[in-house]
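Inside the fold
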Amino acid sequence: MHADSQASVSHVDEESFAQMMDAIERFVREDLIPREQEVEDTDRVPDEIIEAMKAQGFFGLSIAPEFGGSGLSAEQQARFQMAISLSSPAFRYVYSSNLGIGSRAISLDGTPEQKAEFLPRLASGELIGAFALTEPSAGSDAGSLKTRADRDGDHYVLNGTKRFITNAPRADVFTVMARTDQSKPGASGVSAFIVDRNTPGLTVGKPEKKMGHRGSQIADVIFENVRVPAERLIGGEEGRGFRTAMKTLDHGRINIAAMGVGMAQRLLDEAVAYAGERQQFGKAIIDFQLIQGMLADSETEIQAARAMTLAAARQLDLTRTAVKEAAAAKYFASEMLCRVADRVVQVFGGAGYVADYPIERMYRDARLLRLYEGTSQILQIVIARAIGSERGIRVA
């Protein structure tokens, strides 16, 4: 599917979804993969690619049809993410924040007026959303955030700094978590706000230089006496913000797991192609059993991660909650991806360590997945608490 002839995605029945997947796979193969090095070199996704994604409906995949989205199921979204993640992660980040907390907080807990005002514009890509939770002193312990939102008449006044905010340099609107009740420790005093980028007092910092994921920019977002109308309090009720954010985590973690599966599949595809061509001692290196072992281990782990991810997505579709399953899928898939990336560099040998091949970039890109949407160590705690709870045991 080329950038000059896009068709909007608007149906979720299996026949239409299959056609959509065929088109996405062509788009990845013909439009995205050939431009990966350009994105790596310039640290930005070309404007025509972004417009192509808007035309195809990428920004509204998770948003309900009545607001202009496609309303894909969690399983369909996971399959979509696996396909798009065969290309550089930067392409996925163009639209992903609109699918996650950028829209889901409003979809889940927003007032009717908030949904009507923002969801159609997020679905079309007119607005780019970003999620502002992490702070300099609040990462995994998000309940300890310091950003304040003090009521002042029919406004709230926000002060604080958010750190490592994906898409911040490009975002038009931010979902901001801020403490509205200073007397309540932890998450109970946290609320969620919709904040326009152009609000006076809001400043976006300089994009960070990162190990990988070039083309996806992150930056600080600083709030200095930013006045936000009270009607931008998501749900119209204080103290619900953190719970709203937690509701989105299952979905987000499943999509990151799917991303890991797609990235690992691309790595394996590159390794198999190289091993079939590279000659040593008079034969292709794929004929050596130790190379075969690394390829076989990678294929096996990718199959396992794919099965876990799709099972978690189906659980979310059926019950609207999949805390343990989503955490386990994201934990396994992100760790699996790094193991596969390491093996693939080994298959390539010295060629895998230089930038002439995409493997060097993919190896750097893989590392981030073990950190965001819950570090592997935090996810171990989530999983352990879940299995304890299932057995009536409270895990500290």
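The notes below deal with the structure included here. Small disclaimer: the values here were computed from a predicted structure and weren't measured. (Residues numbered from 1 in each chain as written. Predicted model: local features only at pLDDT ≥ 70, side-chain atom pairs only at ≥ 80, totals over all residues. Heavy atoms only, no water.)

Further remarks concern the pairing of strand S3 (residues 155–166). Taken together, the five bridges between strand S2 (residues 148–152) and S3 define a ladder with antiparallel strand orientation. Following the sheet pairing, Ala149 is matched in S3 by Leu158. Adjacent in sequence and paired antiparallel, S2 and S3 are bridged by two residues, among which Gly153 carries a positive phi angle near 65 degrees. Where S3 and strand S7 (residues 218–229) come together, nine bridges link them in antiparallel fashion. Opposite Tyr156, over in S7, you have Val228 as the bridge partner. (Pairing = 2+ DSSP bridges. Helix = DSSP H or I, 4+ residues; strand = E, 2+ residues; numbered from the N terminus.)

This brings us to helix H6 (residues 101–109). Burial analysis of H6 places seven of its nine residues in the buried class, which makes it a mostly covered element. Within the sequence span of H6, burial applies to Ile101, Gly102, Ser103, Arg104, Ala105, Ile106 and Asp109. Against the buried residues of H6 lie helix H5 (89–99), helix H7 (112–124), strand S1 (129–132), strand S4 (173–179), strand S5 (190–196) and helix H8 (241–277). (Buried < 20%, exposed > 50% of the residue type's maximum accessible area, 1.4 Å probe, protein only. Contact = heavy atoms within 4.5 Å.)

Core analysis: the biggest nonpolar cluster contains 46 residues, and Leu267 and Val347 have the highest contact counts within it. Every element with two or more residues in this core is listed here: helix H4 (74–84), H8, helix H9 (289–319), helix H10 (323–348) and helix H11 (359–366). No other element matches the 13 residues that H8 contributes to this core. Residues Ile49, Leu72, Val94 and Leu99 belong to the second largest nonpolar core, which totals 26 residues. (Core = buried A, V, L, I, M, F, W, Y, C linked by side-chain atoms within 4.5 Å.)

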